[in-house]
Amino acid sequence: MSAASPPGRAGLRRLVVAVPYLWLALFFLAPFAIVLRMAFSQAATALPPYAPHWEGLARLGDFLSQLDLANFSLLADDLLYWQSYLYSLRLAAMTTLAALAIGYPLAYAMASAPPRWRGLLLVLVILPFWTSFLIRVYAWIGILRPDGLLDAALAPFGFEGEPLRLLNTEAAVLIGMVYSYLPFMVLPLFATLEKLDRGLLEAAADLGARPLTAFLTVTLPLSLPGILAGAALVFIPAVGEFVIPDLLGGPDTVMIGKVLWSEFFSNRDWPLASAVAVVLLVVLVLPLVLLQRARLRREMAA
């Protein structure tokens, strides 16, 4: 039998385990509790512009009796919010699929490159992060605007005359979001594909599998964790994106991030904006929690 761990080492181990939970409590649970409290408040002409229905830690009975669900009822009744949620989810799903279609071949090529080139290719993928996000989005205005860089680049190929007019359209928002979030898809895919055992592909080829069959039966299933991680990293921030639709989109691209900003800063209705944020968080987090639980059950059953 091994000797028991010294008390100091056991305490240090507990401290290391507690640090992530403390981080989540301070920077996720505490802000979420504040937002949730505002969501159950009512708007007021004050600073801050809301009036909570309880102060401090209330008893459970008092807490339930003082809950004000008017903000959530308004979200359920107003078609604008539902359309914004559905539009944001649709555009985020399109962004995720486009980023996967572009990012998977790119990550596969990076993982298949000689080891001496992988570091350089990885730097090229993360190179856009060295520039301000806002500047990169503004650069797309100059590319997509009528008679901009894209029209000038297509002119030698016979696309002259009427400009494309992509700016202030849904297509421009989609292009900007795919460009901005593509590295978040490539990096987890590259990390997964780089660790792939190439001997499995050789074994599949020895058994008579064609390259496409080997890819579909070996590479693709083994890269599924990278696909799921990349999809989550792209989809979640894309749903609440505000800057790209505001700069590249038109009046029809009303995503939930724009609605949230308008309620907070234009209308100064913090309780309603908090209710919008809470519903958005539930819509995003609940499927991820259910997916994680299903994955854990499959691993325990295996």
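Whatever comes next refers back to the structure up there.
Quick caveat, the model's predicted, so the values are computed rather than measured.

**Q** Can you walk me through the overall build of the protein in this structure?
**A** When helices and strands are counted, the protein shows 14 helices and 2 strands. A compact globule built from 302 residues would reach a C-alpha radius of gyration of about 19 Å, whereas the protein, at 25 Å, exceeds it by more than 25%. Along the longest, intermediate and shortest principal axes, the C-alpha atoms of the protein span 80 × 70 × 35 Å. Looking at the 302 residues of the protein, the share that counts as buried comes to 29%. As displayed, the protein has an accessible area near 18,500 Å², and 71% of this comes from carbon and sulfur atoms.

**Q** Mind showing me how you'd approach the layout of surface pockets here?
**A** Regions of empty space are outlined by a rolling probe, equal in size to a water molecule, passed over the atoms. The computed volume of the largest pocket comes to approximately 450 Å³. Contributing to the lining of the largest pocket are 17 residues, with Leu-228, Ala-232, Pro-287, Leu-288 and Leu-291 lying nearest its centre. Elements represented by at least two residues in the lining of the largest pocket include exactly α11 (224-239) and α14 (270-301). A per-element tally of the lining of the largest pocket places α14 first, with 9 residues. Of the residues assigned to the lining of the largest pocket, the class counts are 14 nonpolar, 1 polar and 2 charged.

**Q** Whenever I open this one, the side chain of Ser-223 confuses me. Can you help?
**A** Here Ser-223 shows up in the loop between α10 (211-222) and α11. For Ser-223, a relative accessible area of 0% translates into the label buried. Within polar-contact distance, the side chain of Ser-223 engages the backbone oxygen of Leu-220 at 2.9 Å. Look past the residues within four positions of Ser-223 in its chain and what remains in contact with it is Tyr-104, Leu-189, Thr-192 and Leu-193.

**Q** In this structure, what is going on with unusual backbone geometry? I would like to understand it.
**A** A negative phi holds for most residues other than glycine; trans holds for most peptide bonds. Even without being a glycine, Asn-168 presents a positive backbone phi close to 65 degrees. Relative to the helices and strands, Asn-168 resides in the loop between α7 (149-154) and α8 (170-194). Overall, the relative accessible area of 45% leaves Asn-168 in the partly exposed class. Even without glycine at this site, Arg-268 takes up a positive phi of about 55 degrees.

**Q** Explanation requested: the packing of helix α4 (residues 79-112) against helix α13 (residues 256-266) in the structure shown.
**A** Axis separation between α4 and α13 bottoms out at 8 Å; the angle between their running directions is 140 degrees. As far as their axial angle goes, α13 and α4 are oblique. Residues Tyr-81, Ser-84, Tyr-85 and Ser-88 of α4 touch α13, and the partners they reach there are Ile-256, Val-259 and Glu-263.

**Q** Got a minute to help me understand the packing of aromatic side chains in this structure?
**A** Each aromatic ring pair is specified by the distance between its two centres and by the angle formed by the two planes. Scanning the entire structure with this criterion turns up 13 aromatic pairs. Between Tyr-108 and Phe-215, the ring centres sit 6.2 Å apart and the planes meet at 85 degrees, which makes this aromatic pair edge-to-face. On the criterion of sequence distance, the pair formed by Tyr-108 in helix α4 and Phe-215 in helix α10 is long-range, its members being 107 residues apart. With relative accessibility at 23%, the residue Phe-215 sits in the partly exposed group.

**Q** What am I meant to see in α10 here?
**A** Its 12 residues place the ends of α10 15 Å apart at the C-alpha level, agreeing with the 16 Å of an ideal helix rising 1.5 Å per residue. For α10, the full list of buried residues reads Ala-214, Val-218 and Thr-219. One side of α10 carries all its buried residues, which in axial view fall inside an arc of 85 degrees. Structural note: α10 exposes Leu-212 and Thr-217 on the side pointing more than 90 degrees away from its buried face. Contacts from the buried residues of α10 go to α4, α8 and α9 (198-206).

Reading the values: rules and limits
- Residues numbered from 1 in each chain as written.
- Predicted model: local features only at pLDDT ≥ 70, side-chain atom pairs only at ≥ 80, totals over all residues.
- Heavy atoms only, no water.
- Helix = DSSP H or I, 4+ residues; strand = E, 2+ residues; numbered from the N terminus.
- Rg over C-alpha atoms; globule rule 2.2 N^0.38 Å.
- Buried < 20%, exposed > 50% of the residue type's maximum accessible area, 1.4 Å probe, protein only.
- Areas by Shrake-Rupley, 256 points an atom, 1.4 Å probe, with all protein chains shown as cover.
- 1 Å grid on protein atoms, 1.4 Å probe; cavity = no way out; pocket = protein on both sides within 12 Å on 5 of 7 lines; lining within 4 Å.
- Points joined across faces, edges and corners; volume = space filled by probe spheres on them.
- Nonpolar A, V, L, I, M, F, W, Y, C, P; charged D, E, K, R; others polar.
- Polar contact = N/O pair within 3.5 Å; in protein donor to acceptor, adjacent residues only side chain to side chain.
- Contact = heavy atoms within 4.5 Å.
- Axes fitted to C-alpha atoms, helices over the stretch in contact; angles between N-to-C directions.
- Parallel < 35°, antiparallel > 145°, perpendicular 65-115°, else oblique.
- Phe/Tyr/Trp six-rings, centres within 6.5 Å; stacked < 30°, edge-to-face > 60°.
- Expected span 1.5 Å × (residues − 1).
- Arc of directions from axis to C-beta.

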